[in-house]
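# Geometric and topological summary
These are the residues of each chain, in order.
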Amino acid sequence: QVQLVESGGGVVQPGGPLRLSCTAAGFTFGDYDLAWFRQAPGNEREFVATVRRSGGRAYYTDSVKDRFSISRDRAAGALYLQMNSLKPEDTAVYYCAGGRPILSSIRTIRGYSFWGLGTQVTVSS
């Protein structure tokens with residue numbers, strides 16, 4: 001059974017760091033692109049970052065570029081999102097996702113086949 005479980009969310013002050021983790025089970029970890037999406041209240045789920053299954057190249061949405069870093073540990077079967085210089089507008093539920101999207105779909109929800117249940121990140125003073 002495919003399973004993705006996020007952890008590491010919480011409340012952090014503006015400007016602070018937070019590291020999210022996603023553990024994966026039930027599929028061959030290295031065969032899939034892995035991504036982070038987020039959804040703020042009243043908003044649609046949006047792409048944050050992805051790391052490709054082949055070559056390991058990472059892609060980011062513009063609003064987090066230079067602040068967030070995505071990485072994967074194949075041996076551990078884990079995906080990470082290091083978030084620095086957090087802003088109140090980063091407040092959202094963050095979801096881990098896996099799939100085999102073509103390049104033109106790596107930033108789309110439909111590009112990913114399975115999802116975790118999410119972890120809440122709140123940036124507030």
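The structure under discussion appears in the preceding block.
Below: a short report on this structure. Treat the numbers as computed from the prediction; the structure is a model and nothing was measured.

### Description of the overall build of the protein chain
From N to C terminus, the protein chain includes zero helices and eleven strands. Order of helices (α) and strands (β) in the protein chain, N terminus to C terminus: β-β-β-β-β-β-β-β-β-β-β. At 13 Å, the protein chain has a C-alpha radius of gyration in line with the 14 Å of a compact globule built from 125 residues. Based on the C-alpha atoms only, the size of the protein chain along its principal axes is roughly 40 × 30 × 25 Å. Within the protein chain, the proportion of its 125 residues that are buried is 46%. Taking contacts inside the protein chain between residues at least 6 apart in sequence as the whole, the part at least 24 apart equals 58%. Approximately 6400 Å² of the protein chain is accessible, and the part contributed by carbon and sulfur atoms is 46%.

### Regarding the pairing of strand 5 (residues 46-51)
Buried residues dominate strand 5, accounting for five of its six residues. Hairpin connection, strand 5 to strand 6 (residues 58-60): the antiparallel pair is bridged by six residues, and Gly 55 has positive phi, about 90°.

### Quick word on the pattern of salt bridges
For the coordinates displayed, the defined rule picks out six salt bridges. A salt bridge links Arg 38 to Glu 46, with the nearest nitrogen and oxygen atoms 2.7 Å apart. Take Glu 46: its relative accessible area is 37%, and that puts it in the partly exposed class. Arg 38 serves as the salt-bridge partner of Asp 90, at 3.0 Å between the closest nitrogen and oxygen. Note that Asp 90 is positioned in the loop between strand 8 (78-83) and strand 9 (92-99) and Arg 38 in strand 4 (residues 33-39), a separation of 52 residues in sequence. Each member of the pair Asp 90 and Arg 38 is classed as buried. One network of salt bridges, in which partners are shared, links Arg 38, Glu 46, Arg 67 and Asp 90.

### Remarks on unusual backbone geometry
Backbone geometry places Asp 66, a non-glycine residue, at a positive phi of 75°. Relative to the assigned elements, Asp 66 resides in the loop between strand 6 and strand 7 (68-73). The backbone phi angle of Ser 85 is positive, close to 50°, even though this residue is not glycine. Counting through the fold element by element, Ser 85 comes out in the loop between strand 8 and strand 9.

### A closer look at the state of the cysteines
A full pass over the atoms with the stated rule returns one disulfide. Put simply, Cys 22 and Cys 96 are joined by a disulfide, and their sulfur atoms are 2.1 Å apart. On the sign convention where negative is left-handed, the bridge of Cys 22 and Cys 96, at about -80° about the S-S bond, is left-handed. Residue Cys 22 is found in strand 3 (residues 18-25), and its partner Cys 96 is found in strand 9; the two are separated by 74 residues along the sequence. As far as burial versus exposure is concerned, Cys 22 and Cys 96 are alike and both buried.

### Some words on the environment of Leu 86
Relative to the helices and strands, Leu 86 resides in the loop between strand 8 and strand 9. Since its relative accessible area comes to 2%, Leu 86 is described here as buried. Taking the C-alpha atoms as reference, Leu 86 lies 6.8 Å from Val 123; in sequence the two are 37 residues apart. The residues touching Leu 86, leaving out its near neighbours within four places in the chain, are Val 12, Pro 14, Gly 15, Gly 16, Pro 17, Leu 18, Arg 67, Phe 68 and Val 123.

### Description of the sheet that holds strand 7
Sheet strands pair by backbone hydrogen bonding; their relative direction is either parallel or antiparallel. In spatial order, the strands read 1-3-8-7; together these four strands make up an open sheet with antiparallel pairing. Looking at which strands have only one partner, the edges of the open sheet turn out to be strand 1 (3-7) and strand 7. Direction aside, the axes of adjacent strands within the sheet are offset by 15° on average.

Definitions and cut-offs
Residues numbered from 1 in each chain as written. Predicted model: local features only at pLDDT ≥ 70, side-chain atom pairs only at ≥ 80, totals over all residues. Heavy atoms only, no water. Helix = DSSP H or I, 4+ residues; strand = E, 2+ residues; numbered from the N terminus. Rg over C-alpha atoms; globule rule 2.2 N^0.38 Å. Buried < 20%, exposed > 50% of the residue type's maximum accessible area, 1.4 Å probe, protein only. Contact = heavy atoms within 4.5 Å. Areas by Shrake-Rupley, 256 points an atom, 1.4 Å probe, with all protein chains shown as cover. Pairing = 2+ DSSP bridges. Salt bridge = Lys/Arg side-chain N within 4 Å of Asp/Glu carboxyl O. Disulfide = S-S within 2.5 Å. Axes fitted to C-alpha atoms, helices over the stretch in contact; angles between N-to-C directions.

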